[in-house]
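# Remarks on the overall topology
Chain by chain, the residues run as shown.
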Amino acid sequence: MDNEEVDNQGYIKGDIVFTIFENASNHFSIVKINVHETTETYEEKDIVAKGYFANLQKGVVYQFFGELETHPRFGVQYNISSYQTYVPETKEAVITYLSSELFEGVGKKTATAIVDHLGEQAVTKILEDPELLANIPNLNQKTARTLAATLKAHQGFEQIAVKLTKYGIGLKMAQELYTLYKEETMRYIQEDPYHFVFEVEGFSFITADKIAELNQLSTTHPNRIRASCIHALQLSVLDGHVYLPLIDCIQKMKTVLQEIKLEESVIVEQIEMLSQHKNIILQDEKVYLPSLYYAEDHFSSHLKRLMQHKVQTKTTDAELMRMIGDIEEEEILSYGEEQFTAIKRALDSKVMILTGGPGTGKTTVIKGILKAYAEIHNESLDRHDYDKKADYPFVLTAPTGRAAKRLQESTGIKAMTIHRLLGWDGEQTFEKNEYEQLDGKYLIVDEFSMVDTWLANHLFKAIPKDMQVLLVGDEDQLPSVGPGQVLADLYDSELIPYVTLNEVYRQKEGSKIIQLAHQIKHNQCTEADIQQSADFSFIPCTTSQVLEVVETIMTKAKDKEKPLEDIQILAPMYKTDAGITEINKQMQTLINPKTKQKRERSFYDKVFRVGDRVLQLVNQPEDHVYNGDIGEIVQIFTAKENEENEEQLIVQFDENEVVYTRKTYGNITHAYCISIHKSQGSEFPIVILPIVRAYRRMLRKNLLYTAITRSKQSLIICGEKEAFFQGIETIEMDQRYTTLPSRLSQKLSDEEQENKEDMMEATDIAGEEDSLSPYDFM
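This write-up is about the structure you can find in this document. (Residues numbered from 1 in each chain as written. Predicted model: local features only at pLDDT ≥ 70, side-chain atom pairs only at ≥ 80, totals over all residues. Heavy atoms only, no water.)

Once that is clear, we can look at the overall build of the chain. The secondary structure content of the chain amounts to 28 helices and 26 strands. The C-alpha extent of the chain, read off along each of the three principal axes, is 90 × 65 × 60 Å. Buried positions account for 54% of the 778 residues belonging to the chain. Sequence-distant contacts in the chain: of pairs separated by 6 or more residues, those separated by 24 or more amount to 68%. About 36900 Å² of surface is accessible on the chain, with carbon and sulfur atoms providing 46% of the total. (Helix = DSSP H or I, 4+ residues; strand = E, 2+ residues; numbered from the N terminus. Buried < 20%, exposed > 50% of the residue type's maximum accessible area, 1.4 Å probe, protein only. Contact = heavy atoms within 4.5 Å. Areas by Shrake-Rupley, 256 points an atom, 1.4 Å probe, with all protein chains shown as cover.)

Pairing between side chains becomes possible if they bear opposite charge and their charged atoms approach one another. According to the stated counting rule, one finds 34 salt bridges in the structure shown. Notably, a salt bridge pairs Glu-600 with Lys-594, separated by 2.8 Å at the nearest N-O pair. (Salt bridge = Lys/Arg side-chain N within 4 Å of Asp/Glu carboxyl O.)

Attention now goes to the packing of helix 11 (residues 222-238) against helix 12 (residues 246-257). The packing of two helices is summarised by the inter-axis angle and the distance between the axes. Between helix 11 and helix 12, the shortest axis-to-axis distance is 9 Å and the interhelical angle comes to 115°. When the interaxial angle is binned, helix 11 and helix 12 end up roughly perpendicular. The two elements helix 11 and helix 12 meet at a crossing, and its hand is right-handed. Across the interface between the two elements, Arg-224, Ile-225, Ser-228, Cys-229, His-231, Ala-232 and Leu-233 of helix 11 pack against Cys-249, Lys-252, Met-253, Val-256 and Leu-257 of helix 12. (Axes fitted to C-alpha atoms, helices over the stretch in contact; angles between N-to-C directions. Parallel < 35°, antiparallel > 145°, perpendicular 65-115°, else oblique. Left-handed = near helix turned anticlockwise from the far one by under 90°.)

This paragraph deals with the nonpolar core. Grouped together as the largest cluster of nonpolar side chains are 76 residues, with contacts concentrated most on Tyr-97, Leu-98, Ile-114 and Phe-203. Counting residues per element, this core draws most heavily on helix 11, at seven residues. Not counting chain neighbours up to four residues away, the residues in contact with Tyr-97 comprise Leu-102, Phe-103, Val-123, Leu-151, His-154, Phe-157, Glu-158, Ala-161, Val-162 and Leu-171. In this structure, Ile-513, Ile-520, Leu-615 and Leu-715 belong to the second largest nonpolar core, which totals 59 residues. (Core = buried A, V, L, I, M, F, W, Y, C linked by side-chain atoms within 4.5 Å.)

Before going further, it helps to examine the sheet that holds strand 13 (residues 468-473). Taken in spatial order, the six strands make up an open sheet running 11-10-12-13-9-14, and their pairing is parallel. Every interior strand has two partners, whereas the edge strands, strand 11 (415-417) and strand 14 (498-501), have only one. For this sheet the average axis-to-axis angle between neighbouring strands, irrespective of direction, equals 20°. Here strand 10 (residues 394-398) runs beside strand 12 (residues 442-445); their pairing, made up of four bridges, is parallel. Within strand 12, the residue paired with Val-395 across the bridge is Leu-443. Sitting on the sheet, helix 21 (residues 486-493) is in contact with strand 9 (351-356), strand 13 and strand 14, with an inclination near 105° to strand 9. (Pairing = 2+ DSSP bridges.)

The tally for this structure, following the rule as stated, stands at 22 aromatic pairs. With 5.9 Å between their ring centres and 35° between their planes, Tyr-194 and Phe-205 make a pair best called tilted. Of this pair, Tyr-194 sits in the loop between helix 8 (185-191) and helix 9 (195-199) while Phe-205 sits in helix 10 (residues 205-214), and the two are 11 residues apart along the sequence. No difference in accessibility class separates Tyr-194 from Phe-205, as the two residues are buried. (Phe/Tyr/Trp six-rings, centres within 6.5 Å; stacked < 30°, edge-to-face > 60°.)

As paired strands, strand 15 (residues 536-540) and strand 26 (residues 711-719) are joined by five bridges and run parallel to one another. Bridge pairing in strand 26 links Phe-536 to Leu-715. For strand 25 (residues 684-691) and strand 26, the ladder comprises seven bridges, and the chain directions are parallel. Each residue of the ladder has a partner; that of Leu-689, found in strand 26, is Ile-717. Handedness of the strand 25-helix 26 (residues 701-708)-strand 26 crossover: right-handed. (Right-handed = clockwise from strand over helix to strand, strands pointing away.)

Let's shift gears to a positive patch on the surface. On the surface, a cluster of positive charge is contributed by Arg-383, Lys-389, Lys-414 and Arg-420. Tracing the chain through its elements places Arg-383 in the loop between helix 17 (362-376) and strand 10. (Patch = residues over 30% accessible without salt bridge, like charges linked within 9 Å, V, L, I, M, F, W, Y side chains within 5 Å. Lys, Arg positive; Asp, Glu negative; His and termini not counted. Charge placed at Lys NZ, Arg CZ, Asp CG, Glu CD.)

With respect to the helices and strands, the residue Asp-535 is situated in the loop between helix 22 (512-521) and strand 15. The charged side chain of Asp-535 is buried without a salt bridge, its nearest counter-charge being Lys-512 at 6.8 Å. Within polar-contact distance, the side chain of Asp-535 engages the side chain of Ser-533 at 3.1 Å. (Polar contact = N/O pair within 3.5 Å; in protein donor to acceptor, adjacent residues only side chain to side chain.)

Quick look at the environment of Ser-380 now. As for its placement among the helices and strands, Ser-380 is situated in the loop between helix 17 and strand 10. Taking the relative accessible area as the measure of exposure, Ser-380 reaches 22% and is therefore partly exposed. Spatially, the C-alpha atom of Ser-380 lies 8.7 Å from that of Pro-393, the residues being 13 residues apart in sequence. Contacts of Ser-380, omitting those with residues within four sequence positions, involve Asp-385, Tyr-386, Tyr-392 and Phe-394. For Ser-380, the side chain forms a polar contact with the side chain of Asp-385, separated by 2.6 Å.

This part takes up the packing of helix 16 (residues 337-348) against helix 17. Between helix 16 and helix 17, the least distance of the axes is 9 Å, while the angle of their chain directions is 45°. Relative to helix 17, the element helix 16 is oriented oblique. In this structure, the crossing between helix 16 and helix 17 has a hand that is right-handed. Residues Gln-339, Ala-342, Ile-343, Ala-346 and Leu-347 of helix 16 lie in contact with helix 17, whose contacting residues are Thr-364, Val-365, Gly-368, Ile-369, Ala-372, Tyr-373 and Ile-376. Across the contact of helix 16 with helix 17, the residue classes break down as nine nonpolar, three polar and no charged. (Nonpolar A, V, L, I, M, F, W, Y, C, P; charged D, E, K, R; others polar.)

In terms of burial, strand 10 is a largely internal element, five of the five residues being buried. Residues Phe-394, Leu-396 and Ala-398 of strand 10 are buried on one face, and the alternating residues Val-395 and Thr-397, pointing to the opposite face, are buried as well. Direction of pairing for strand 10 relative to strand 11: parallel, over a ladder of three bridges. Paired with Thr-397 across the strands is Met-416, a residue of strand 11. A crossover connection joins strand 10 to the parallel strand 11 through helix 18 (residues 401-411); in handedness this β-α-β unit is right-handed.

Function-wise, these values are silent; they only describe arrangement.
This is how it looks when you write it as structure tokens:
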């Protein structure tokens with residue numbers, strides 16, 4: 001398309017939110033576009049578009065040419081005839097630079113006024129004569145002085161930043177590149193952008209590929225082939241893999257490169273070259289990212305280090321029975337035989353795994369372990385009895401804030417997230433490590449199935465040799481979102497002492513929820529088992545009826561003055577008409593409707609309103625709020641109402657208030673309905689769970705088991721019975737590639753011989769736990 005045609009044709013400029021449909025054979029696709037700018041008579045923030053295109057990348061801005069049309073069923077759509085990667089003009093790049101977070105008080109409007117007044121050379125002119133800013137309308141003296149001073153401090157960088165903006169590179173990455181490469185930055189951009197993929201954290205293959213395309217670089221350049229290997233491995237991490245078999249890695253690279261004629265021998269040669277330069281680890285026909293190779297290897301070594309130091313103080317069965325009897329009287333409960341075995345083994349083992357489904361008494365066992373340990377070692381469970389925090393022997397932790405809160409409530413002992421326990425700085429550094437280890441004598445880690453290979457390594461390197469460890473989890477729940485399946489691999493290796501609790505105690509109290517969970521666990525669930533009971537209902541409905549049914553349930557609860565914060569809707573995915581996004585919109589209208597008194601702020605396709613329930617999506621250690629925490633928006637401030645001079649949302653998480661600005665609004669989303677993955681580690685009094693065929697590609701046994709076990713008092717499933725049974729009968733067959741079992745077998749074989757009474761014969765089989773891509777539930 002020539003320039004004259006471009007100028008005359010309507011367009012939408014924007015980036016891809018997600019792909020709705022894609023035909024692999026002819027590349028016809030339907031996508032949702034986040035609209036940045038358009039010449040069309042269209043005012044919404046996003047639009048569904050269709051056309052023939054392939055391999056559109058998220059995060060890349062495109063200019064789509066076409067025309068609006070109205071579909072009789074789906075409404076307004078954009079029919080794309082052609083498209084091109086959008087490259088901003090120098091003027092726009094300068095505006096983007098000046099309105100970046102680098103310059104306090106300068107927004108897009110002010111930056112545009114400066115460039116309109118001073119032209120594309122605005123930065124150079126201001127550096128030569130800062131007084132020129134006095135002529136800019138509505139620019140106060142303080143902001144002008146700050147702007148001039150900041151430009152001077154970053155002199156030299158602005159030229160690089162403006163040029164990098166044209167390639168879609170943001171300010172933060174531009175600063176990192178400039179710090180590392182100075183004036184050489186642009187040489188690499190123009191000659192070999194793939195160089196950054198190997199050297200700079202966060203610089204993606206997609207970004208390098210976009211730059212290379214703009215600069216018309218060869219698609220078979222050796223560094224492009226090598227960079228595709230890094231990209232293939234990074235994508236495999238999102239599927240939970242620690243490594244890729246060499247043959248799979250080659251195939252994924254071919255898919256990424258889209259070079260049909262490229263010889264396999266050329267790809268293998270470049271993989272071997274990467275291995276020689278330590279950019280990857282190639283071992284036994286397995287290809288690893290170095291960070292994962294060493295995380296898995298070092299975790300195994302730290303586990304061996306701990307198990308080499310035996311438990312010195314042991315107690316006899318008779319002594320322990322006497323202690324358990326005292327605990328039973330004090331707590332008014334009765335321990336079963338397998339629970340007694342679990343307490344005994346936990347006290348005698350350096351590291352032990354405790355697993356079991358809902359209602360099997362894991363919490364009761366944990367309390368017994370803590371009380372018995374305290375008596376054996378003449379320690380107090382009361383933290384106030386210790387002069388120094390470091391002297392307190394018990395350390396309780398869990399992967400998420402809600403899981404840690406549950407653990408604290410059930411034991412009466414302070415618990416915190418693993419990240420907070422280790423003093424994570426939000427990036428790559430932990431205060432606690434092999435040199436500065438944890439204080440305490442007994443560590444309990446709950447919901448360990450959620451812990452991935454990276455976090456397991458960081459945790460275990462910080463555990464001192466004289467500390468005992470109890471890992472608690474349910475092996476039938478979803479594996480970690482991150483790479484690996486640590487709990488499953490430890491359990492399956494049979495090299496670590498473990499006890500699985502099988503007897504269900506709460507079922508005796510008539511809990512249909514727990515009964516249903518165990519029937520699913522043991523593949524025994526039939527249609528007779530989903531009949532209504534005091535704490536369980538199955539309401540039949542189709543996909544198109546889900547929103548109406550959920551609204552009816554919530555309306556009845558509201559009319560009966562039930563506390564709505566006790567009710568949590570869970571769903572498998574964000575997309576579809578019955579997905580999380582649509583349910584949240586409907587529930588916000590019902591539970592927290594728009595009023596003149598309530599302040600609200602729009603952010604892309606969301607409206608945040610005072611009173612909204614929201615979910616934290618990322619870890620923010622500096623604010624003591626973590627991925628999965630649920631809070632409430634309690635206030636919204638305009639920029640004029642605070643000293644920081646910026647719009648703010650205030651969210652209350654229990655006793656903790658966190659301030660969000662527009663830069664961090666993306667860290668939260670509505671939480672009337674959340675994903676099953678995000679619910680892991682949490683429990684809710686009442687759970688509403690839609691299950692329909694529209695979710696079919698996500699419906700798996702461990703996903704539904706996890707959802708059902710989130711409910712404490714009442715569970716309402718609404719949907720299609722066929723979809724429910726198809727889900728609980730479907731076991732994800734995709735294998736997560738890990739080498740933890742074989743590493744443990746190698747490192748712990750000596751320990752196994754010395755501990756025959758506690759450990760069973762070693763196995764050397766890789767784990768085959770279910771896997772789900774984070775792409776499926778983002």
